[in-house]
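So you can see what is in the structure, the chains are spelled out below.
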Amino acid sequence: MVMQLRFEEIKSITQGAVYITEEDERITFHRFSKEEEILYSTTQFRDKVYSTAGVQLEFLTDADSLYLEVETSPATSRTYFSVDVFVDGTVRGCIRNFDENAVPSDYTGISFPLGRFLEDISLGNGEKRVRIVFPWSVKAQLCELRLGNATYVTPYKKRKTIFMYGDSITNGYDALFTSHSYAAKFADSLDAELYNKGIGGEVFFPELAQCKKPFSPDYITVAYGTNDWGKEEKEDFIQRCEAFFAALAKNYPDTEIVAITPIWRRNYLDYRVFGDFFDVERTICRVCAQYPNIKTIRGWELVPHDELYYADGRVHPNDKGFEQYYKKLKE
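Residues numbered from 1 in each chain as written. Predicted model: local features only at pLDDT ≥ 70, side-chain atom pairs only at ≥ 80, totals over all residues. Heavy atoms only, no water.

Let's talk about the packing of aromatic side chains
Link 1 in the chain: On inspection of all chains with the given rule, the structure shows 34 aromatic pairs.
Link 2 in the chain: For the ring pair Phe163 and Phe215, a centre distance of 5.6 Å and an interplane angle of 70° mean the geometry is edge-to-face. A residue pair is termed long-range when its members are at least 10 positions apart, and Phe163 in strand β13 (residues 160-166) and Phe215 in the loop between α5 (206-209) and β15 (219-223) qualify at 52 residues.
Link 3 in the chain: Phe215 sits in the partly exposed class, given a relative accessible area of 31%.
Link 4 in the chain: Centroid distance Phe277 to Trp300: 6.2 Å. Interplanar angle 55°. Geometry classified as tilted. Separated by 23 residues along the polypeptide, Phe277 in the loop between β16 (256-260) and α8 (278-288) and Trp300 in the loop between β17 (294-297) and α9 (319-330) bring together distant segments of the chain. Exposure class is identical for Phe277 and Trp300. Each is buried.
Link 5 in the chain: An aromatic cluster is defined as three or more aromatic residues linked by ring pairs; in this entry it consists of Tyr80, Phe98, Tyr107, Phe112, Trp136, Tyr173 and Phe177. (Phe/Tyr/Trp six-rings, centres within 6.5 Å; stacked < 30°, edge-to-face > 60°. Helix = DSSP H or I, 4+ residues; strand = E, 2+ residues; numbered from the N terminus. Buried < 20%, exposed > 50% of the residue type's maximum accessible area, 1.4 Å probe, protein only.)

Structure, rendered in structure tokens:
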């Protein structure tokens, strides 16, 4: 007996999408609200909002197999992707367009094939919790999800919710496997539904923080600054930083908010118009000290200062680097 999940069933088991749509027999997951998509529509980041970072399907079932078909298309500057399938917390299968044993240490600039991908995955016997983690790097639309020998599908509801704002590192660059990013690992460890607001190349963008959601999350993390140092004048940065945190504190006064200052980058001693790289951290700490529900964590201490922990050798952590990031952030 095969159970094919339809739109409403998919919607009920979806996490991390503000809304979902269906067109031409493909389901699209939107991690940003319509208001936020409009906000980005005239910017250089307009395509990046459609990556599926943070989106996952999670449910209880007695199915013994799963058939998954997805359509992938570009959204970020990276084209490698994985859709990771877990059963009771253990990886059971994966759809991916790369061979992890064949990619070089810096795989960030390689072009990988996109399009339609499918996989049959054995789930084993008995009741189980299935978690399907969608790619951070590309736009992945769901074409078909079938369960073999299933008599029920029950949505799994997380105990908490978390919004994670940030740049490319929060978005997921450069976790080879989607579920290995610090955002995915951190949210899962909290049993929290993740709404990933990370955008590659982004700086403090107060207008995004001003878009109040219809509910207040249990946690919010904010991790900008490394791009601000590279792109901004210091006074512009200070104004943006102050306005961003003021908006969050106003919109979510009862939420625990954590600001993560920039992690190590190889060229942190380079000259920038902004000035000293560590002025970013000092400014964030000063601004956040004004608000009782915002605390800061020093990103400089989260990932080892070693190129081996970075996929590009300089800015973006690899899976090993994200493991360190996650563990120390959780502590």
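Examining helix α4 (residues 182-189)
Because an α-helix completes one turn every 3.6 residues, residues spaced three or four positions apart along the sequence face the same direction.
Link 1 in the chain: Within α4, six of the eight residues are buried, which leaves the element mostly enclosed by the surrounding structure.
Link 2 in the chain: Those residues of α4 not exposed but buried are Tyr182, Ala183, Ala184, Lys185, Phe186 and Ala187.
Link 3 in the chain: Remark: Asp191 follows α4 within two positions and exhibits a positive phi of approximately 55°.

Quick word on the pattern of salt bridges
Link 1 in the chain: As enumerated under the stated definition, the model contains 24 salt bridges in all.
Link 2 in the chain: Two residues, Glu144 and Arg146, come together in a salt bridge whose shortest N-O distance is 2.6 Å.
Link 3 in the chain: When its relative accessible area of 18% is taken as the criterion, Glu144 is described as buried.
Link 4 in the chain: Judged by its relative accessible area of 26%, Arg146 falls in the partly exposed class.
Link 5 in the chain: The residue Lys185 makes a salt bridge to Glu323 at a minimum N-O spacing of 3.1 Å. With Lys185 in helix α4 and Glu323 in helix α9, the pair connects residues that are 138 residues apart, well separated along the chain.
Link 6 in the chain: Linked by salt bridges that have partners in common, Glu58, Arg129, Arg131, Lys158, Arg159, Asp188 and Asp191 make up one network. (Salt bridge = Lys/Arg side-chain N within 4 Å of Asp/Glu carboxyl O.)

A word on the sheet that holds β15
Link 1 in the chain: Ordered by their spatial adjacency, five strands build an open sheet running β14-β13-β15-β16-β17, and the pairing between neighbours is parallel. Looking along the sheet, the strands with just one partner apiece sit at the ends: β14 (192-198) and β17. Sheet twist, expressed as the average angle between the axes of neighbouring strands with direction ignored, equals 20°.
Link 2 in the chain: Here β13 runs beside β14; their pairing, made up of seven bridges, is parallel. Bridging from a neighbouring strand, Lys160 pairs with Ala192 of β14. (Pairing = 2+ DSSP bridges. Axes fitted to C-alpha atoms, helices over the stretch in contact; angles between N-to-C directions.)

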